[in-house]
Amino acid sequence: MNNNHTVKEKKKITVKSICFTAVMAALIFVFTFTFKIPLGNGYTHLGDAIIFLSIPLLGSKKSCFAAGIGAALADVIGGYTIWVPPTFCIKLLLVLICGIFAEKLMKNKFFGYIIGAVLGGVFQIAAYTLVKIVLFDKAYAFSSLPTLAIQTAVGIAVALVFIAMFNKTNVTAKLRKMAE
């Protein structure tokens, strides 16, 4: 008996989709590790902009791994090994939150993306603050809130500018199709 009608066809993982995910992870690493901007009691970076940009380009499933791997690798290479597990988990969940709104809950994908990015950003700020409380203390955690909020807001804003441009020029659709 043929079960083609009762069993959903699984999407194949292709070498091309793995390569696109790896390239996005590499871009996230480079923009996190290389473009450090001193701010407050630490630094900020543009890696979050690439993370937020990766969601409409790759889709949330692939992008969550690119975000987790790219950001965690920046922590490993940068000497912040204590941050590798939290960073991997926080960035992965940030993308999943954004992706749920952009891909599942909202009819208007761009508006859903904006809502998801803001909620994912709030999650990131809260999660990193909680980790800092556990690893260090409340004073350090709360003193770094402005830096983290700026990093997240700038990441969302920069990504939105590029996504709007990419959508107008049909680049988003072309890249998404190539990444499948």
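Shown above is the structure to which this text applies.
From a predicted model like this one, the values you see are computed outputs, not experimental measurements.

Considering the packing of helix 4 (residues 84-105) against helix 5 (residues 109-135)
The packing of two helices is summarised by the inter-axis angle and the distance between the axes.
Here comes step 1: Look at helix 4 against helix 5: their axes get within 7 Å of each other, and the N-to-C directions meet at 155°. Judged by the angle between their axes, helix 4 and helix 5 are roughly antiparallel. Of the two elements, helix 4 crosses helix 5, and the hand of that crossing is right-handed.
Here comes step 2: Residues of the contact of helix 4 with helix 5, tallied by class, amount to 16 nonpolar, 6 polar and 3 charged.

Some thoughts on the nonpolar core
Here comes step 1: Judged by nonpolar contacts, the single largest core of 27 residues is most densely connected at Met24, Ile28, Phe52, Val95 and Tyr113.
Here comes step 2: Sort the elements by how many residues they give to this core and helix 2 (residues 47-58) lands first, with 7 residues.
Here comes step 3: The residues contacting Phe52, other than those within four sequence positions of it, are Leu94, Tyr113, Ala117, Thr152, Gly155, Ile156, Ala159 and Ile163.
Here comes step 4: If you look at the next biggest cluster of nonpolar residues, it comprises 7 residues, including Ile90, Ile125, Ala127 and Val131.

Some details on helix 4
Here comes step 1: In a regular helix each residue adds 1.5 Å, so 22 residues correspond to 32 Å; helix 4 covers 30 Å between its end C-alpha atoms and thus fits that length.
Here comes step 2: Approximately 30° is the largest bend angle found in helix 4, and it occurs at Gly99.

Structural notes on the side chain of Asp75
Here comes step 1: Following the sequence through the fold, Asp75 ends up in helix 3 (residues 60-78).
Here comes step 2: Lys36 is the oppositely charged side chain nearest to the buried, salt-bridge-free Asp75, at an N-O distance of 7.9 Å.

Calculation notes
Residues numbered from 1 in each chain as written. Predicted model: local features only at pLDDT ≥ 70, side-chain atom pairs only at ≥ 80, totals over all residues. Heavy atoms only, no water. Axes fitted to C-alpha atoms, helices over the stretch in contact; angles between N-to-C directions. Helix = DSSP H or I, 4+ residues; strand = E, 2+ residues; numbered from the N terminus. Parallel < 35°, antiparallel > 145°, perpendicular 65-115°, else oblique. Left-handed = near helix turned anticlockwise from the far one by under 90°. Nonpolar A, V, L, I, M, F, W, Y, C, P; charged D, E, K, R; others polar. Core = buried A, V, L, I, M, F, W, Y, C linked by side-chain atoms within 4.5 Å. Buried < 20%, exposed > 50% of the residue type's maximum accessible area, 1.4 Å probe, protein only. Contact = heavy atoms within 4.5 Å. Expected span 1.5 Å × (residues − 1). Bend = angle between axes of the 7 residues up to and from the residue. Lys, Arg positive; Asp, Glu negative; His and termini not counted. Salt bridge = Lys/Arg side-chain N within 4 Å of Asp/Glu carboxyl O.

By themselves, these are just geometric observations and shouldn't be taken as functional.
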